[in-house]
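# Understanding the architecture of this molecule
The primary structure of each chain is shown beneath.
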Amino acid sequence: MKPAVFDYVRVNSLDEAIEALARYEGEAKVLAGGQSLVPLMNFRLSRPGVLVDINDLAEMAGVRDLGHALAIGSMTRHQQLVNNDFIRERLPILPRVASYIGHWAIRNRGTLGGSVAHADPAAELPALLTALQATIVMRSPRGERRLLAERFFLGYYSTRLDWDEIITEIEIPFPASSPGFYEVARRAGDFALVGALAERGTSGGFVTWFGLGGRPERMALPAWTAHEEERRQLLRELAGKLDLPSEEEYKRTIAVSVAGRAMADAEGGN
Amino acid sequence: MAQAMRPQMMGARVSRTEDPRLLSGQARFLDDIQVPGMLEVAFVRSTHAAAKIVQMDLREVQQYPGVQAVLTYDDCPVQLWQREAYEVGQPVLAHHEVSYVGQPIAAIIADSRYVAEDAAELARVEYEDLPPVTDMRRAIEENPRRVHAHTPNVFFHKEYATPSVEQAFAQAPHHLRATFRTNRQTALSLEARGTAAMVDTATGRLTVYASTQSPHRLREDISGLLGIPTHQVRLIVPEVGGGFGMKANCYPEDIVVAKAALMCRKPVKWVSDRTESLLSDVHGRDDIHDVEVAFAEDGKIVALRDHLMADGGAYPAYPFSGAVGETSLASRVITGPYDIPHLATVIDCTYSNKMPLGAYRGVWGPVASFIQEGIVDRVARHLGMDPAQVRLRNIIQPHQFPYRNAAGMTYDEGSYQACLQQALELMDYEGFRKRQQELRQQERYVGLGISAFVEPTAMASSEAGSVGYESCTIQIDATGRVTAAFGLGPTGQGHETTMAQILADQLGVRFEDIIVLHGDTDSAPYGGGTGGSRSGPIGGGAALVAGRQMRERLVKYAASLLEAGEEDIELGDGKAWVAGVPERYISIRTIAETAYTNVTKIPEGLPIGLELTARYLPKSPRTFSNGTHIAIVEVDVSTGSVAVTGYGVVNDCGRLINPTIVEGQILGGVAQGIGAALLEALHYDESGQLVTTSLMDYLLPESTDMPRVMMRHLETPSDGEGGIKGMAEGSLIASPAAIANAVSDALAPFDAFVDTLPVTPEMILEMTRGELAR
């Protein structure tokens, strides 16, 4: 369980990083927290020719208030999302969801941008970003590009990020009302077996499921009801639309329960 | 100071001698063995479950910079055979054919592991696939084919029946049938396997470092299989980070690494990585039981039929097959702690294209308990009786000991009934039943599972081998300090603590003046290693016998030097004194000085020095520990999740050496039981690929999965030395059944029973489908 041979570049600025990616023409991978990439390399499932280490780019970590949204640097560690007082006050759902990622040691290293780039369909952050209609900000030699999360995530571990692009920031708009969240995992800290975020809209609302199929899916809920049986019926219909591989078919039932609990959570005002 | 007032070390909660080095990261494990010039090994392993090797091209591997040697079967033509028992043996490197995914084919010896792994990727192996044999029931019927053409798939078949079992079935008013399935697991020790070997160029001796439970046996295996005289092989076991039976085998890698060191005349090391560990550490628990039970109206179980099947994998693990171990002993203890007079068993162990089955803590026990306790609960529910009452009706009564069970096994005295009763009381059984009813009104499903177990320990023969005795060599040096060497192979059990406790009491020296040695065949007396819950009762017994013999010698010295009668000498705190006259004393140090340097004062008839070896062979072929576990779970029927919310254990392992260590053993077994019941499964797909090759897929219990465990001890001594019984496996024997029964109990409103381990969310949802469809 040793990685295949690779070269290693440690960069001092974002420009240098972008330059390095361009120079290696698709051979390079960005090393951020390394919590997914390094294990994949050790299994030799990922064999980048070069690692471009951006861990010295302190300017890529941190939070800015844009008034309507929070802009969070891609190198912000998960545990910083959990601990940051400003985020806790302005976007409390984010620290709450981030606290479900792995264990403390993993959260100390893993980054927001890394989780987004890796795009595990059962990961919490891509789901939250999809639910909140966050914008992924990327830089390349061609300049800056912005994509809604919903457009950014394509499927299993697959995104619209080009080989010469680096995720620099994520803009998360403040939701009108705080979304509800619920997740089932086999063990504490595991990727979700099934998770859901629920946002209440003016009439209906939205449910964003994750751990099902290839990417988080945000789906419109035609009505929002507190009546348990009606809610269950609505969610059952919605979950029926999910495209699931046969071995995940049993999860449809869990999806209904989990989304129901996320809705109840949203009503409880967390 | 009177001897009776001296604190007895045996039975005391002494902190473990091992812990400071382990907890501060100072312990030295196999991978810490670093020798200048050491080469490292990577194995080319089969990626096919069943195939002929048509061609193998290793030229690129050989030419890769940093590669020193490449070994194939031709370089190391050794087979792991136990010819008297089985018709096939595994070649240590595949020979023209592969029989399971992960089977070693070639060994790459290189300057570093990185280089070795890079080079291993360049091996070109051309396979011609054969139909993989992956389904146990079909394999027993020789379908789709024989794994080994010259011998049937069923390599172990045995039938047994008590004389009137058919009649008992015919006469009983009630019958139930059930099939129980346990899925493959592996021990998954924190420290994976590993072997390092080097030749002493001066003497020509081969030194092998190995992470093993069986130092002497592994030395004999290496010596025998490679044709080296035993005294030319020295086996050293460094700190071992867990074994659980899995490290009791001699593996192909052990032989290949030793051979590589002999061929290269350089130190060679191989340490398993986690994927290799999941692929190639012996697996366990691949069993199916078709069971039928006959019982009376009052819940009395009268007869049991069991067809025990196990998938032994491609070869019998060397030198014993776990499939045979799991089934044959299960068939003899399948009635557990219950008085069930009639029994019929049929055993079939089959080959398949999977990793060989070996021992994993509890071996037969977790499977047998799952079945026996599952049956009792089914009987109770069928009759509308309380499961605790059915157990109390069937459990072996105190006056029945020694009890001979339907399979002919004799249980020595235990506290079966008392443990069950006390466990019910410990967990407030009546209160729980009330609470359960209330919660069901709120559609919350909690359940309580009872698991009363028997644990045969200190067996004359077990996975640790057929050395039924253990040895202890005591040396008191000229300053009065003690070293005591054992043939054990501890993997974290704390023998350095427990054996020193026993010896401190016997020798009258301070606990901290005793160092316990083990694991180096140059210094350790011949012994059976650690396994089968033998080290406490047999190793501890050897410590008692050797300690007593040395004590007699010290008393003779003291009597002679103090000019007193031997019967008046007392020992303690590093001194010997005349009873009632504590100022008339002599230190053990002075006695030791005398024994080595003042030989004219040695009492007549005693040898020079203070050294002796004693061996202890228990007079009974085994002694049974017992106890009861109770698990409380809550099942979330909407998501299929199970949480173990409460746990209680009443345990009886005879006389306790160190209650803290016993409790640590129990806690570990409960944790592994949670893994067995809810999480851990090795899964092969239809083509014979192992799809659980990382800890992302093979789920181990985590600290957050553990409930607080309440523990209580009863002590029914064995008839062996010190009254000690073994206890290392009972907690894992009992716990999967307790949790499985708790889940069944929680799901009683759905009329569901757990019959397969581990219970997954998917299975829970299936069992409660009625609820969710509404």
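Residues numbered from 1 in each chain as written. Chains lettered and ligands numbered in written order. Predicted model: local features only at pLDDT ≥ 70, side-chain atom pairs only at ≥ 80, totals over all residues. Heavy atoms only, no water.

Residue and element names in this part refer to chain B. Relative to strand E28 (residues 581-587), strand E27 (residues 575-578) runs antiparallel, the two being bridged by four bridges. Counterpart to Trp577 in the pairing with E28 is Tyr585. Following E27, the chain reverses through two residues before pairing antiparallel with E28; Gly580 in that reversal takes a positive phi of roughly 85 degrees. (Pairing = 2+ DSSP bridges. Helix = DSSP H or I, 4+ residues; strand = E, 2+ residues; numbered from the N terminus.)

This brings us to the side chain of B:Asp705. Looking at the secondary structure, you find B:Asp705 in the loop between helix H17 (659-679) and strand E32 (709-714). Comment: no salt bridge for buried B:Asp705; closest opposite-charge side chain is A:Arg187, at 5.4 Å. At a separation of 2.7 Å, a polar atom in the side chain of B:Asp705 contacts the main-chain amide nitrogen of B:Glu702. Setting aside its immediate chain neighbours within four residues, B:Asp705 contacts A:Arg187, B:Val644, B:Ile674, B:Leu679 and B:Leu700. (Buried < 20%, exposed > 50% of the residue type's maximum accessible area, 1.4 Å probe, protein only. Lys, Arg positive; Asp, Glu negative; His and termini not counted. Salt bridge = Lys/Arg side-chain N within 4 Å of Asp/Glu carboxyl O. Polar contact = N/O pair within 3.5 Å; in protein donor to acceptor, adjacent residues only side chain to side chain. Contact = heavy atoms within 4.5 Å.)

All names here are of chain B. In terms of nonpolar packing, the biggest core is built from 129 residues, with Tyr411, Tyr647 and Ile739 touching the most fellow members. Mapped onto the domain boundaries, this core takes at least three residues apiece from domain 2 (33-130 + 188-280) and domain 3 (365-458 + 621-768). In contact with Tyr411, not counting residues within four places along its chain, are Val333, Thr335, Gly336, Ile396, Phe401, Pro402, Tyr403, Asn405, Tyr416, Val454 and Phe624. Listed in part, the 51 residues of the second largest apolar core include Val516, Ala542, Ala592 and Ala614. (Core = buried A, V, L, I, M, F, W, Y, C linked by side-chain atoms within 4.5 Å. Domains from an automatic or database assignment.)

What follows is about unusual backbone geometry. All names here are of chain B. Each neighbour pair has its own omega, and for Tyr318 with Pro319 the value is 0 degrees, a cis peptide bond. Of the consecutive residues Leu757 and Pro758, the connecting peptide bond is found in the cis state with omega at -5 degrees. Counting through the fold element by element, Pro758 comes out in the loop between strand E33 (756-757) and helix H19 (761-767). A positive phi angle, close to 55 degrees, is found at Phe244, a residue other than glycine. Along the chain, Phe244 falls in the loop between strand E14 (233-236) and helix H7 (252-264).

Before going further, it helps to spend a moment on the domain arrangement of chain B. Residue and element names in this part refer to chain B. Split into domains, chain B comes out as domain 1 (2-27 + 469-616), domain 2 (33-130 + 188-280) and domain 3 (365-458 + 621-768). Counting residues at the interface gives ten residues for domain 2 and twelve residues for domain 3. Both faces considered, domain 2 and domain 3 share a buried interface measuring about 840 Å² in area, 66% of it formed by carbon and sulfur atoms. Area buried by domain 2 at its contact with domain 3 is led by Val101, Leu188 and Leu278, which between them contribute 54% of it. On the surface where domain 2 and domain 3 come into contact, there are zero salt bridges. Summed over the shared surface of domain 2 and domain 3, the result is two residue pairs in polar contact (both at pLDDT 80 or more). In terms of residue class, the side of domain 2 that touches domain 3 is made up of six nonpolar, three polar and one charged. (Buried area = accessible area lost by both parts, 1.4 Å probe. Nonpolar A, V, L, I, M, F, W, Y, C, P; charged D, E, K, R; others polar.)

Attention shifts here to a negative patch on the surface. Residue and element names in this part refer to chain B. A surface patch of like charges, here negative, comprises Glu552, Glu566, Glu567 and Asp568. Mapped onto the elements of the fold, Asp568 is located in the loop between helix H15 (535-562) and strand E26 (569-572). Residue Asp568 is classed as partly exposed on the basis of its relative accessible area, which comes to 35%. (Patch = residues over 30% accessible without salt bridge, like charges linked within 9 Å, V, L, I, M, F, W, Y side chains within 5 Å. Areas by Shrake-Rupley, 256 points an atom, 1.4 Å probe, with all protein chains shown as cover. Charge placed at Lys NZ, Arg CZ, Asp CG, Glu CD.)

Turning to the sheet that holds E32(B), a few remarks are in order. All names here are of chain B. Strands sit in the order E22-E30-E31-E32 across an open sheet of four strands; the sheet is mixed. Strand pairing shows two members of the sheet lacking a second neighbour, strand E22 (445-457) and E32, which therefore form its edges. Between one strand and the next, the sheet's axes are offset by a mean angle of 20 degrees, whatever the strand orientation. As defined by bridge partners, strand E30 (residues 623-636) adjoins strand E31 (residues 641-652) across eleven bridges and the pair is classed as antiparallel. When the sheet's bridge partners are listed, Ala631 is paired in E31 with Tyr647. (Axes fitted to C-alpha atoms, helices over the stretch in contact; angles between N-to-C directions.)

This part covers the packing of aromatic side chains. The full count for this structure, using the stated rule, is 13 aromatic pairs over all chains. Pairing B:Tyr445 with B:Phe750 gives two aromatic rings, centres 5.1 Å apart and planes at 55 degrees, and the pair type is tilted. Of this pair, B:Tyr445 sits in strand E22 while B:Phe750 sits in the loop between helix H18 (730-746) and E33; the two residues are 305 residues apart in sequence, bridging distant segments of the chain. Given a relative accessible area of 8%, B:Tyr445 falls into the buried group. Through a chain of ring-to-ring contacts, three or more aromatic side chains come together here, namely B:Phe401, B:Tyr403, B:Tyr411, B:Tyr416 and B:Phe624. Cation over ring: A:Arg90 sits above A:Phe174, and NZ or CZ is 4.2 Å from the ring centre. (Phe/Tyr/Trp six-rings, centres within 6.5 Å; stacked < 30°, edge-to-face > 60°. Lys NZ or Arg CZ within 6 Å of the ring centre and 35° of its normal.)

This part takes up the pattern of salt bridges. Two side chains that carry opposite charge are able to pair once their charged atoms sit near each other. The tally for this structure, following the rule as stated, stands at 64 salt bridges over all chains. Between A:Arg142 and A:Asp162 there is a salt bridge; the shortest N-O distance is 3.5 Å. Here the residue A:Arg142 occupies a position in the loop between strand E6 (135-140) and strand E7 (143-148), and A:Asp162 occupies one in the loop between strand E9 (158-159) and strand E10 (166-173), the gap between them amounting to 20 residues. When the shortest N-O distance is used, the salt bridge between B:Arg712 and B:Glu425 registers 3.4 Å. Of this pair, B:Arg712 sits in strand E32 while B:Glu425 sits in helix H12 (residues 416-426), placing them 287 residues apart in sequence. With relative accessibility at 27%, the residue B:Arg712 sits in the partly exposed group.

Counting from both sides, the interface comprises 26 residues of chain A and, opposite them, 29 residues of chain B. Taking both partners together, chain A and chain B bury about 2300 Å²; carbon and sulfur atoms supply 52% of that area. The largest contributions to the chain A side of the interface with chain B come from A:Met1, A:Arg186 and A:Arg187, which together make up 32% of the buried area. At the boundary of chain A with chain B, the tally comes to five salt bridges. Between B:Asp636 and A:Arg261 there is a salt bridge, with the nearest N and O atoms lying 2.5 Å from each other. On inspection of chain A and its partner chain B, the count reaches eleven residue pairs in polar contact (both at pLDDT 80 or more). Sorting the residues of the side of chain A that touches chain B by element identifies strand E11 (180-184), helix H10 (228-240) and helix H11 (251-267) of chain A as the ones contributing at least two each. Considering every element that reaches the side of chain A that touches chain B, the biggest residue donor is H11(A), with five residues.

Further remarks concern the packing of H17(B) against H18(B). All names here are of chain B. Look at H17 against H18: their axes get within 7 Å of each other, and the N-to-C directions meet at 40 degrees. Taken as axis vectors, H17 and H18 run oblique relative to one another. Where H17 crosses over H18, the two elements pack in a sense that is right-handed. Residue-level inspection shows Gln665, Ile666, Gly669, Val670, Gln672, Gly673, Ile674, Ala676, Ala677 and Leu678 of H17 in contact with H18, the latter providing Ser731, Leu732, Ser735, Pro736 and Ile739. (Parallel < 35°, antiparallel > 145°, perpendicular 65-115°, else oblique. Left-handed = near helix turned anticlockwise from the far one by under 90°.)

Let's shift gears to the sheet that holds E26(B). All names here are of chain B. Taken in spatial order, the three strands line up as E26-E27-E28 in an open sheet, and their pairing is antiparallel. Only two strands of the sheet have a single neighbouring strand rather than two, namely E26 and E28. Direction aside, the axes of adjacent strands within the sheet are offset by 35 degrees on average. Helix H16 (residues 588-597) contacts E26, E27 and E28 of the sheet and is inclined by roughly 40 degrees relative to E28.

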